[in-house]
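# Understanding the architecture of this molecule
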Amino acid sequence: QLGDTVHWDRWLCDEGNSYKDFLYRVLLLGDHGVGKSSLAGIFGGVSNREESPGVDHYERTLTVDGEETTLVVMDTWEPDKLEEEDVMKKASAYLIVYSITDRSSFESASELRIRLRRLRQADDIPIILVGNKSDLVRSRDISIEEGRACAVMFDCKFIETSACLHHQVGELFQGVVRQIRLRRRHPPP
Ligand code: GDP
Ligand code: MG
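Thresholds applied
- Residues numbered from 1 in each chain as written.
- Chains lettered and ligands numbered in written order.
- Predicted model: local features only at pLDDT ≥ 70, side-chain atom pairs only at ≥ 80, totals over all residues.
- Heavy atoms only, no water.
- Buried < 20%, exposed > 50% of the residue type's maximum accessible area, 1.4 Å probe, protein only.
- Helix = DSSP H or I, 4+ residues; strand = E, 2+ residues; numbered from the N terminus.
- Pairing = 2+ DSSP bridges.
- Near = heavy atom within 4 Å.
- Polar contact = N/O pair within 3.5 Å; in protein donor to acceptor, adjacent residues only side chain to side chain.
- Areas by Shrake-Rupley, 256 points an atom, 1.4 Å probe, with all protein chains shown as cover.
- Axes fitted to C-alpha atoms, helices over the stretch in contact; angles between N-to-C directions.
- Contact = heavy atoms within 4.5 Å.

### Some points on the pairing of strand E3 (residues 23-29)
Most of E3 is tucked away, with seven of its seven residues classed as buried. Note: E3 against strand E5 (residues 67-74), five bridges, orientation parallel. Residue pairing across strands places Val 26 opposite Val 73, the latter belonging to E5. Where E3 lies against strand E6 (residues 93-99), four bridges are found, and the strand directions are parallel. Residue pairing for E6: Leu 28 is matched across the bridge by Leu 95.

### Re the site of ligand 1
In the vicinity of ligand 1, 16 residues are found, and the nearest of them are Gly 33, Lys 36, Ser 38, Asp 135 and Ala 163. Contacts to ligand 1 include Lys 133, whose side-chain N or O atom sits 3.1 Å from an oxygen atom. In this structure, Ala 163 approaches ligand 1 through a main-chain N or O atom, which is 2.8 Å from an oxygen atom. Isolated, ligand 1 exposes 580 Å² of accessible area, and the fraction of that covered by the protein chains is 72%.

### What to know about helix H1 (residues 36-43)
Here H1 lies mainly inside the structure; six of its eight residues are buried. Among the residues of H1, Lys 36, Leu 39, Ala 40, Gly 41, Ile 42 and Phe 43 are the ones counted as buried. At the exit of H1 stands Gly 45, carrying a positive phi of roughly 75°.

### Some points on the sheet that holds E6
With mixed pairing, six strands are arranged side by side in an open sheet as E4-E5-E3-E6-E7-E8. Pairing within the sheet leaves two strands with one partner each, and these edge strands are strand E4 (57-64) and strand E8 (157-160). Neighbour to neighbour, the strand axes of the sheet diverge by 25° on average, direction disregarded. Most of the contacts of H1 go to E4, to which it runs at about 55°, and overall it touches E3, E4, E5, E6 and strand E7 (127-132). Docked against the sheet, helix H3 (residues 103-119) engages E3, E6 and E7, running at close to 160° with respect to E6.

Given below as structure tokens:
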């Protein structure tokens, strides 16, 4: 289990006017089969997912723009529990994943964005819309323009990835770190 000593809430780490780096919890959301566990496994450096069944969170320290930040990526998504469980309710960032080949997963992503907005109304939390399976060119159902437009409408960041090819997965997690830092440097009053 993740230790009780960890200060999950990023604003708890105030030391004078500087905000120390500590752990940021990132939650993967989205329909079954869109590639959440695959993305989490790549983040965790797992070469073969069969080797580590049952692992549902990965901790790694990334160096982005010359500075280290530790992320814990949670692959514990359960649709019914978003509003119930602290681990979901209080994440530092959310990745809403859909498959570019599956329109119903794209529609679910919009619904999740609305639920997150309701849940974290008062907080400025990084949310990234992730269109995964970009390698499946011939069965693509959601264009990159449509994905991007959705992100603009829902006021979140957007990226397309292929967990299969490891394409843009590093960029995704670097983007999360940058989004978290932007807010850390401009904390709410
Ligand atoms: P989860 O249910 O959201 O955790 O999805 P998984 O990570 O278990 O992936 C579901 C299936 O989609 C698996 O068979 C994966 O191999 C496959 N998959 C995941 N990401 C990609 C991708 O980027 N491209 C392709 N072609 N398949 C993928
Ligand atoms: Mg999974």
